[in-house]
Amino acid sequence: MSKKLYIKTYGCQMNVYDSTRMGDVLAPFGYVEADSPEGADMVILNTCHIREKAAEKMYSDLGRLRIEKNAQAEQGKRMLIAVAGCVAQAEGEEIIHRMPYVDMVVGPQSYHTLPDLIAETERTHASLTRLEFVEEQKFDLLPESLQTQGATAFVSIQEGCDKFCTFCVVPYTRGAEFSRPVEAILREARTHVSQGAVELTLLGQNVNAYHGRDAAGNEVGLAQLLTMLAEIPGLTRLRYTTSHPRDVDAALIRAHGEIDILMPYLHLPVQSGSDRVLKAMNRKHTAADYIGIIEQLRAARPEIAFSSDFIVGFPGETDADFEDTLKLVETVGFASAYVFKYSPRPGTPAADKAGQVEESVKDARMRTLMDYLDRQKLRFNQSKIGTVQPVLMERKGKKPGQGIGKTPYMQSVVLENAVHYDQQLIDVRITEAYGQSLKGEVVGAASTEAAPVQEALFSSADARP
Ligand code: 5AD
Ligand code: SF4
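Remember, it's a predicted structure, so these values are computed and weren't measured experimentally.

Another point: the pattern of salt bridges. A complete count under the given rule lists 22 salt bridges for this structure. With its nearest N and O atoms 3.6 Å apart, the salt bridge here joins glutamate 219 to arginine 213. Judged by its relative accessible area of 48%, glutamate 219 falls in the partly exposed class. Salt-bridge contacts for glutamate 359 lead to lysine 341; the nearest nitrogen and oxygen are separated by 3.2 Å. With a gap of 18 residues between them, glutamate 359 in helix 14 (residues 359-382) and lysine 341 in strand 16 (residues 336-341) connect regions that are remote in the sequence. The network of salt bridges with shared partners includes Lys8, Lys57, Asp61 and Arg64.

In structure tokens:
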């Protein structure tokens, strides 16, 4: 008899990937994924520790799950609750002390042990913790079988990070940088494509630090790996995330010019435009270095657009530092961006630094920067009106008949009477543009070509507020 599994994913795309892999691990044991925790046999919370809010959210969700668990217990059923992901790794046993009804705490490197943990807790009724750090084993022991859901798929190629930005927990929760072997990645990618994926996103905490080995034992960088993947027949879109500016090398810049199916859109977090703050963050690059990389990428691929992450209110950040961030935004011109208020994370160097910034100042800077970036985003979206974009249709819209898909720039496009295009790549003329989405009409049959039409470059001469 099948069992009901509910997985809730918090945080980044790496967690989205890990959640699908946990589903793959448990599928042979009869677990079928459901979209709510009601009546579930097992619930997994795949958690995020990057900012305090994300971790708090997990604790409030656990409170709600307890009610469901108790209700099931009254009917003689035992609903298992597992906490996975980065909060599991960071807080470990502490979670079980705080919430004794949690049955398992399992770190990101130990998902392959889930079936054993389930068997053991079913036998002993004890709460279990598994936090080993053996990346190689994790990938080796995950099942070869994959569930490909739709036309887009993620492939994790790299985990962990050695950069030690002073605000970030990742080097502690995900451990040292580790690159998967080339063959394993190619195998996983081919499987996804043979099961219907046309778009692959390569994932890693610091994905462009990738340096895996090929079958002959030679080291392969991200640019070379992308070239190999681009040869898979049937694959029409390639993306990778998240990159560090310091690891954008000449080969990767060239790859952006040479590989057609590599989408002209790159998420390249900068965090700040102030050299003083970048140094205190241990980012290992200056604002000018970042702008130089952007210029080289634009020279290699004129239609490329960028998104980024920013942190406001890092300890010691002054008004002048914040102005430098606004200047960088003005110079680069982003298609999209995320802004975060600095959140002190226990155990990271910046958490104990003098000069912590007042919450009210963080709020004000966040609003200013977000307003500015939102305006750039709207301008970027508007620059697509009248162009024809290849759109990969991904899901239904809110209204009957509506379909929603993504342009090469990850913009959501809403189409009327389009449900029959689900999971197809189609050419769409963009007719309207808003802050968060575009509207358009279908212009032809399914496109086989992912390269977008040439169009006016997004102007970076966006006026500052
Ligand atoms: N506080 C606020 N934002 C953070 N990020 C990482 N750590 C912190 C922190 N302590 C942001 C960075 C990173 C993104 C994934 O999360 O901008 O690029
Ligand atoms: Fe964190 Fe910096 Fe590594 Fe990114 S590069 S995961 S921000 S330590």
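Residues lying three or four places apart along an α-helix face the same way, a consequence of the helix completing one turn every 3.6 residues. With 14 residues, helix 12 (residues 287-300) extends 20 Å between its outermost C-alpha atoms, agreeing within 8% with the 20 Å of an ideal straight helix rising 1.5 Å per residue. Turning to helix 12, its buried residues number three or more, namely Ala287, Tyr290, Ile291, Ile293, Ile294, Leu297 and Arg298. End-on view of helix 12: buried residues confined to an arc of 155°, all on one side of the axis. Summarising the geometry of helix 12, the exposed residues directed more than 90 degrees from the buried face are Ala288, Glu295 and Ala299. At its buried positions, helix 12 is contacted by helix 10 (250-258), strand 14 (265-267), helix 11 (275-280), strand 15 (305-312) and helix 13 (319-332). The N-cap residue of helix 12 is threonine 286: its side-chain oxygen and the backbone nitrogen of alanine 288 are 3.4 Å apart.

The subject of this paragraph is the nonpolar core. Counting residues in hydrophobic clusters, the biggest one holds 53 residues, and the most contacted among them are Leu202 and Leu225. For this core, the element with the highest residue contribution is helix 12, accounting for six residues. Ignoring any residue separated from it by four or fewer positions in sequence, one finds leucine 225 in contact with Ile157, Val182, Ile185, Leu202, Tyr210 and Val220. Ranked by size, the runner-up nonpolar core spans 24 residues in total, among them Ile7, Tyr31, Tyr111 and Leu203.

The subject of this paragraph is the site of ligand 1. With respect to spatial proximity, the complete set of residues near ligand 1 consists of Ile50, Arg51, Phe167, Gln271, Asp309, Ile311, Phe340, Lys341, Tyr342, Ser343 and Arg345. Between ligand 1 and phenylalanine 167 there is a distance of 2.9 Å, counted from a nitrogen atom to a backbone nitrogen or oxygen. At 2.6 Å from an oxygen atom of ligand 1 is found a side-chain nitrogen or oxygen belonging to glutamine 271. Protein contact buries 87% of the 400 Å² of open area that ligand 1 shows by itself. Elements represented by at least two residues in the shell around ligand 1 include exactly strand 15 and strand 16. Looking at the shell around ligand 1 residue by residue, the class counts come to five nonpolar, two polar and four charged.

Next up on the list: the sheet that holds strand 2 (residues 31-33). With parallel pairing, six strands are arranged side by side in an open sheet as 2-1-3-4-5-6. Both outer strands of the open sheet, strand 2 and strand 6 (128-130), are each paired with one neighbouring strand and no more. Geometrically, the sheet is characterised by an average inter-axis angle of 20° between neighbouring strands, direction not taken into account. For strand 3 (residues 42-47) and strand 4 (residues 80-84), the ladder comprises five bridges, and the chain directions are parallel. Directly across from methionine 42, in strand 4, lies its bridge partner leucine 80. In the packing of helix 5 (residues 114-124) onto the sheet, the strands contacted are strand 2, strand 3, strand 4, strand 5 (104-106) and strand 6, and the crossing angle to strand 5 comes to about 160°.

It is the contact of helix 10 with helix 12, at a shortest axis distance of 8 Å, that shows an interaxial angle of 30°. Of the two possible hands of crossing, helix 10 and helix 12 adopt the one that is right-handed. The segment helix 10 lies against helix 12, with Ile253, His256 and Gly257 engaging Gln296, Leu297 and Ala300. Residues of the contact of helix 10 with helix 12, tallied by class, amount to three nonpolar, three polar and no charged.

So, on to the sheet that holds strand 14. On the basis of which strands lie adjacent, the open sheet formed by three strands has the order 14-15-16 and parallel pairing. Unpaired on one side and paired on the other, strand 14 and strand 16 mark the two borders of the sheet. On average, each strand axis in the sheet is tilted by 15° relative to the strand beside it, whichever way the strands run. With six bridges joining them, strand 15 and strand 16 adopt parallel strand pairing. Within strand 16, the residue paired with isoleucine 311 across the bridge is phenylalanine 340. Those strands touched by helix 12 are strand 14 and strand 15, and its axis lies near 165° from that of strand 15. Most of the contacts of helix 14 go to strand 16, to which it runs at about 175°, and overall it touches strand 15 and strand 16.

Let's shift gears to the pairing of strand 15. Within strand 15, eight of the eight residues are buried, which leaves it mostly tucked inside the rest of the structure. Along strand 15, one buried face is formed by Ala305, Ser307, Asp309 and Ile311 and the opposite face, lined by Phe306, Ser308, Phe310 and Val312, is buried too. Here strand 14 runs beside strand 15; their pairing, made up of three bridges, is parallel. Its bridge partner lying in strand 15, leucine 266 is registered against phenylalanine 306. Following the chain from strand 15 across helix 13 to the adjacent parallel strand 16, one finds a crossover that is right-handed.

Right, let's get into the domain arrangement of the chain. Looking at the chain, the domain boundaries give domain 1 (3-134), domain 2 (137-311) and domain 3 (388-460). Relative placement of domain 2 and domain 3: their C-alpha centres are 25 Å apart. Listed per partner, the contact involves 16 residues of domain 2 and 16 residues of domain 3. Counting the surface lost from both domain 2 and domain 3, the interface buries some 1,400 Å², and carbon and sulfur atoms represent 62% of this. Ranking the residues of domain 2 by area buried against domain 3 places Arg237, Tyr265 and Glu303 at the top, with a combined share of 36%. For the pair domain 2 and domain 3, the interface holds zero salt bridges. Where domain 2 packs against domain 3, one counts six residue pairs in polar contact (both at pLDDT 80 or more). Of the residues that constitute the side of domain 2 that touches domain 3, the class distribution is eight nonpolar, three polar and five charged.

Rules of the game
- Residue indices begin from 1 for each chain and proceed along its sequence in written order.
- Chain letters and ligand numbers both follow the written order, the letters beginning at A and the numbers at 1.
- With the structure being a predicted model, the display of local features is reserved for residues of pLDDT at least 70 and the display and counting of side-chain atom pairs for 80 or more, all residues being used for whole-chain, interface and lining totals.
- Just so you know, side-chain values use all the structure's heavy atoms and leave hydrogens and water out.
- Any carboxyl oxygen of Asp or Glu that lies within 4 Å of a side-chain nitrogen of Lys or Arg is treated as forming a salt bridge with it.
- Using a 1.4 Å probe on the protein chains alone, a residue whose accessible area is under 20% of its type maximum counts as buried, one over 50% counts as exposed, and one in between counts as partly exposed.
- Secondary structure is summarised from DSSP: a helix means a run of H or I of at least four residues, a strand means a run of E of at least two, and numbering begins at the N terminus for each.
- Expected span of a helix, by definition, is 1.5 Å for each gap between consecutive residues, and there is one gap fewer than residues.
- As used here, the arc belongs to the directions running from the helix axis to the C-beta atoms.
- The criterion used for residue contact is that any of the two residues' heavy atoms lie within 4.5 Å.
- Within 3.5 Å is the distance limit for a polar contact, defined as a pair of N or O atoms, with the added protein rule that one can donate a hydrogen and the other accept it, and that residues adjacent in sequence qualify only through two side-chain atoms.
- The term nonpolar core refers to a set of buried residues drawn from Ala, Val, Leu, Ile, Met, Phe, Trp, Tyr and Cys, joined through side-chain atoms within 4.5 Å.
- Throughout this document, a residue counts as near a molecule or strand when at least one of its heavy atoms sits within 4 Å of that molecule or strand.
- Using a 1.4 Å probe, accessible areas were evaluated by the Shrake-Rupley method; residue-level cover was limited to the displayed protein chains.
- In this count, Pro and Cys sit with the nonpolar residues alongside Ala, Val, Leu, Ile, Met, Phe, Trp and Tyr, while Asp, Glu, Lys and Arg are called charged and the others, Gly among them, polar.
- Pairing between strands requires that DSSP locate at least two bridges from one strand to the other.
- Simply put, an axis is a line fit to the C-alpha atoms, just over the touching stretch for a helix, and the angle between two N-to-C directions goes from 0 to 180 degrees.
- What makes a crossing left-handed is the near helix being turned counterclockwise from the far one by less than a right angle; a clockwise turn instead makes it right-handed.
- Orient the strands so they point away from the viewer; a crossover is then right-handed if the path from the first strand over the helix to the second runs clockwise.
- Domain delimitation in this document rests on an assignment produced automatically or drawn from a domain database.
- Summed over both partners, the accessible area (1.4 Å probe) lost when two parts come together is defined as the buried area.

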